[in-house]
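Coordinate inspection notes
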Amino acid sequence: MKGADFADLDGRQIRVGLDVGGTKIDAVAVSPSGEILGRLRRPTGWGDDAVVESIVLAVSALVEETGFAVSDIGSVGIGIPGLVDADTGRVLHAVNLGVESLDLAVRAQQALGVPFRIENDVKAAALGAAVLRGVTGSMAYLNLGTGVAAGIVMDGQIWRGARGTAGEVGHISVDPNGRLCGCGQRGCVETFCGGGALSRAWGRPGALPVKDIFDAADAGDETALALRADLYHGAAAAVRVLVLSADVETVIIGGGLTALGERLELGIRASLRADAETSAFMRSLHLEERIELLASGSPAAAFGAALVGASVTEKEIVSHG
């Protein structure tokens, strides 16, 4: 698969992108000019066979809904959590999907007869966000969801680093005396602003625990006020790390927590300003002006997967029509 350009198959013009999450698949069909032709969501299965089957069913449903044929599909790209070998299409340790080791690209291609390419979900989302927001230079995509991770795009291409871990800011410890993280360290960025960590620290029942924390903070609850401040502090720390380490011009914030909208964005901006008050150097970076919040429900992850699937050889970014 390495080096293959799947976008050049005769008679195949449609690019399909799938954002495979722990509970649902977000699927889009994209034209050669970058226009989103159709979009749907379907549930995700658990375990190797069910994950492959749910991906095949999502593509089939998208074909039916959008009105093109499978033979019109030039490529399918998948963004999926876990460790991804983009060259072989193998997924490792996708624990929220019940997958330990799965040759996903090979199995999906055998099922549909269409070329597949696999990428880590946050890296795919970074590429999609760069296109949708019209970023042409350098940017980072900070994903605030159940966990925290980032993807970096430089000059139109995903920057993976030497071993594929570029942008893994969630497990940078910013407080060695802080809460225990699932990775074994204490005080990781993720323990401050990851939805899962905040939910555990909150410890109260509810379908939307982070929203509940914000609502309770607005009502003056001391525990909620402290956890909300932690979220702002952790997200601001992640922004600083991304700018200072990779010198990105823009940090686009996405993920499930963006459903909080301005309540999230304004708090992160305020935390960045407050943290820079004692440092002329940090003030000179104007970090609070370099963040953007991706609209909740954005198709960035699935759209980015479609771009990854096309596997453009010179530049992964294409214009968005």
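Heads up: the structure comes first, above all this text.
Residues numbered from 1 in each chain as written. Predicted model: local features only at pLDDT ≥ 70, side-chain atom pairs only at ≥ 80, totals over all residues. Heavy atoms only, no water.

1. Describing the pairing of strand β4 (residues 73–80)
Along β4, eight of the eight residues are buried, which leaves the element largely enclosed by surrounding structure. Looking at chain direction, strand β1 (residues 14–20) and β4 are connected through six bridges and run parallel. In the sheet register, Leu18 faces β4, and the bridge partner there is Ile78. (Buried < 20%, exposed > 50% of the residue type's maximum accessible area, 1.4 Å probe, protein only. Helix = DSSP H or I, 4+ residues; strand = E, 2+ residues; numbered from the N terminus. Pairing = 2+ DSSP bridges.)

2. What about the sheet that holds strand β2 (residues 24–30)?
Pairing in this open sheet of five strands is mixed, and the strands run β3-β2-β1-β4-β8 from one edge to the other. Whereas interior strands pair on both sides, the edge strands pair on one side only; in this sheet they are β3 (36–43) and β8 (116–120). On average, each strand axis in the sheet is inclined to that of its neighbour by 20°, with strand direction left out of account. Pairing geometry for β1 and β2, over six bridges, is antiparallel. Bridge pairing in β2 places Asp19 opposite Asp26. Along the sheet face, helix α1 (residues 48–66) touches β1, β2, β3, β4 and β8 and points at about 140° away from the line of β3. (Axes fitted to C-alpha atoms, helices over the stretch in contact; angles between N-to-C directions. Contact = heavy atoms within 4.5 Å.)

3. Describing unusual backbone geometry
Despite not being glycine, Asp247 has its phi angle at roughly 55°, a positive value. Along the polypeptide, Asp247 turns up in the loop between α7 (222–246) and β12 (250–254). Positive phi is not limited to glycine here, since His286 has a value of about 50°. Take His286: it is sitting in the loop between α9 (280–285) and β13 (291–293).

4. A look at the state of the cysteines
Cysteine pairs can be linked by a disulfide, which is a covalent bond between their two sulfur atoms. What the rule picks out here adds up to zero disulfides. No disulfide involves Cys181; its sulfur sits 3.8 Å from that of Cys183, the nearest cysteine. Taking relative accessible area as the criterion, Cys181 reaches 7% and is therefore assigned buried. With no disulfide of its own, Cys183 lies closest to Cys188 among cysteine sulfurs, the gap being 3.7 Å. (Disulfide = S-S within 2.5 Å.)

5. Structural notes on the side chain of Thr258
Inspection of the secondary structure assignment puts Thr258 in the loop between β12 and α8 (262–275). Residue Thr258 is classed as buried on the basis of its relative accessible area, which comes to 6%. Within polar-contact distance, the side chain of Thr258 engages the backbone oxygen of Gly255 at 2.6 Å. Contacts of Thr258, omitting those with residues within four sequence positions, involve Ile253, Leu264, Leu293, Leu294 and Ser296. (Polar contact = N/O pair within 3.5 Å; in protein donor to acceptor, adjacent residues only side chain to side chain.)

6. Section: the sheet that holds strand β6 (residues 90–94)
Strand order in the open sheet formed by three strands is β5-β6-β7, with antiparallel pairing between adjacent strands. The open sheet terminates on both sides in strands that have one partner only, identified here as β5 (83–85) and β7 (99–103). Pairwise comparison of adjacent strand axes, ignoring direction, gives a mean angle of 5° for this sheet. Examined bridge by bridge, β5 and β6 share three bridges and lie antiparallel to one another. Paired with Leu83 across the two strands is Leu92, which belongs to β6. Together, β6 and β7 form the strand contacts of helix α2 (residues 104–112), whose direction differs from that of β7 by roughly 55°.

7. With respect to the nonpolar core
In this structure, Leu142, Leu144, Leu231, Val251 and Ile268 are the most contacted members of the largest nonpolar core, which totals 42 residues. Considering every element that reaches this core, the biggest residue donor is α7, with 12 residues. Not counting residues up to four positions away in its chain, the partners in contact with Ile268 are Leu144, Tyr232, Ala235, Ala236, Ile253 and Ile291. Grouped together as the second largest cluster of nonpolar side chains are 34 residues, Leu62, Val63, Ile73 and Leu102 included. (Core = buried A, V, L, I, M, F, W, Y, C linked by side-chain atoms within 4.5 Å.)

8. Here's the deal with the pattern of salt bridges
Oppositely charged side chains may form a pair once their charged atoms are brought near each other. Scanning the entire structure with this criterion turns up 13 salt bridges. When salt bridges with common partners are traced through the structure, they connect Lys211, Asp215, Asp218, Arg228 and Arg263 into a single cluster. (Salt bridge = Lys/Arg side-chain N within 4 Å of Asp/Glu carboxyl O.)

Nothing here speaks to function; it is all geometry.
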